[in-house]
Amino acid sequence: MSGTSAALEPPADAVKPVRHPDAPVPGELLGAHYEHCFGCGGEQKHGLHLEARAGEGVTVTAEFTVQPAHQGAPGLAHGGILATALDETLGSLNWLLRTIAVTGRLETDFVRPVPVGTTLYLEAEVTAVARRKIYSSATGRIGGPDGPLAVRADALFVEVAVEHFVSHGRETEIQAAMSDPDQIRRTRAFEVNP
């Protein structure tokens, strides 16, 4: 990235990320972490419906197709939607670490316009871990995984306890997620987003 801020530079004592032994296998579809999530949830009519897959090491790939509801300028994806797609993809990395974390900082470069109807192919990786901080980067390409670069981002995620969501979320949604009998869905509901 051009001009990445010092806040996104891992400290000298940062370590290489280690994929959790119970992480989904490479190629596995990660699915929605929460059905009402704007980024990946199926219950959001105008959401991104982003689909992420586990990659090798601590990487993921994802894609979403820009819909008319996602436009800013006529016929082009809104920059906030593209930043959301990057954030959602980067947040999915935490599932490979089996860590509950929230976005602390996201710096995005918009390289080229993304037209409505375009499928954006995203790749993300964790680059370093320092205590509770997780450093990562992502790219989004048009037309395929090797297509022209459209967007890129560097991010800092911060590990939190599930109490973070209980303290700050709406009680109805928190209780519904916490009472889900499926332990994996219950855990995943709290994996990303501040």
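Being a predicted model, the structure only gives us computed values, none of them experimental.

A few words on the pattern of salt bridges. All told, the structure shown has three salt bridges when counted by the stated rule. Asp13 serves as the salt-bridge partner of Arg131, at 2.5 Å between the closest nitrogen and oxygen. Taken together, the positions of Arg131 in the loop between strand S4 (119-130) and strand S5 (133-142) and Asp13 in the segment before strand S1 (51-54) put the pair 118 residues apart, joining distant regions of the chain. Looking at Asp13, the relative accessible area reads 46%, which means it is partly exposed. A salt bridge links Arg152 to Asp109; its shortest N-O distance comes to 3.3 Å. Of this pair, Arg152 sits in strand S6 (residues 149-159) while Asp109 sits in strand S3 (residues 101-110); the two residues are 43 residues apart in sequence, bridging distant segments of the chain. Using a relative accessible area of 26% as the deciding quantity, one classes Arg152 as partly exposed.

To continue, consider the confidence of the model for the protein chain. Averaged over every residue, the pLDDT of the protein chain is 85; residues scoring 70 or more account for 81%. Here helix H2 (residues 163-168) stands out as the least confident element of the protein chain, with mean pLDDT 52; S5 is the most confident, with 97.

For S5, a buried count of seven out of ten residues is recorded, marking the element as mostly surrounded by other parts of the structure. As judged from the ten bridges shared by S4 and S5, these two strands associate in the antiparallel manner. When the bridges of S5 are listed, Leu120 appears paired with Ile142. Two successive antiparallel strands, S4 and S5, enclose a turn made up of two residues, where Arg131 displays a positive phi of approximately 55°. Note that S5 and S6 share nine bridges and pair antiparallel.

With 36 residues, the main nonpolar core has Leu50, Phe64, Leu90, Val114, Leu120 and Leu122 as its most contacted residues. Among the secondary structure elements, those contributing two or more residues to this core are S1, strand S2 (59-65), helix H1 (79-97), S4, S5 and S6. It is H1 that contributes the most residues to this core, nine residues altogether. Setting aside anything within four residues of it in sequence, one finds Leu90 in contact with Leu106, Ala124, Ser136, Ser137, Ala138, Ala153, Ala155 and Phe157. Core analysis: the next-biggest nonpolar cluster, separate from the first, contains five residues, Leu8, Ala128, Ala130 and Leu156 among them.

When the terminal C-alpha atoms of H1 are compared, their 28 Å separation across 19 residues agrees well with the 27 Å that a helix rising 1.5 Å per residue should span. With its phi angle positive at about 60°, Arg98 sits one or two positions after the end of H1.

The next thing to look at is the side chain of Glu107. Examined against the element boundaries, Glu107 turns out to sit in strand S3. Among the residues examined, Glu107 registers a relative accessible area of 13% and is labelled buried. Polar side-chain contacts of Glu107 include one of 2.4 Å to the side chain of Ser5.

Turning our attention to the side chain of His70. If you trace the backbone, His70 turns up in the loop between S2 and H1. Classification of His70 by relative accessible area gives buried; the value is 1%.

Let's shift gears to unusual backbone geometry. Although it is not a glycine, His49 adopts a positive phi angle of roughly 55°. On the secondary structure map, His49 appears in the segment before S1. Judged by relative accessible area, which is 37%, His49 ranks as partly exposed. For Arg131, which is not a glycine, the phi torsion comes out positive at approximately 55°.

Criteria and cut-off values
- Counting of residues starts from 1 at the beginning of each chain's written sequence and follows it residue by residue.
- Per-residue local features are limited, in this predicted model, to residues with pLDDT of at least 70; the limit for side-chain atom pairs, both in listing and counting, is 80 or more; totals at the level of whole chains, interfaces and linings are taken over all residues.
- By convention in this description, side-chain values take in all heavy atoms of the structure and omit both hydrogens and water.
- The working definition used for a salt bridge is a side-chain nitrogen of Lys or Arg within 4 Å of a carboxyl oxygen of Asp or Glu.
- Each helix is a run of H or I in the DSSP string that is no shorter than four residues. Each strand is a run of E no shorter than two, and both are numbered from the N terminus.
- Whether a residue is buried, partly exposed or exposed follows from its accessible area with a 1.4 Å probe, protein chains only, as a fraction of its type maximum: under 20%, in between, or over 50%, in that order.
- Confidence of the prediction at every residue is given by pLDDT, a number between 0 and 100.
- Strand pairing is defined by DSSP finding a minimum of two bridges between the two strands.
- Side-chain atoms within 4.5 Å are what join buried Ala, Val, Leu, Ile, Met, Phe, Trp, Tyr and Cys residues into a set we call a nonpolar core.
- Contacts are assigned to residue pairs with any non-hydrogen atoms lying within 4.5 Å of each other.
- One fewer than the residue count of a helix, multiplied by 1.5 Å, yields its expected span.
- Under the rule applied, a polar contact is a pair of N or O atoms within 3.5 Å (in protein, one hydrogen donor and one hydrogen acceptor; residues adjacent in sequence only if both atoms are side-chain atoms).

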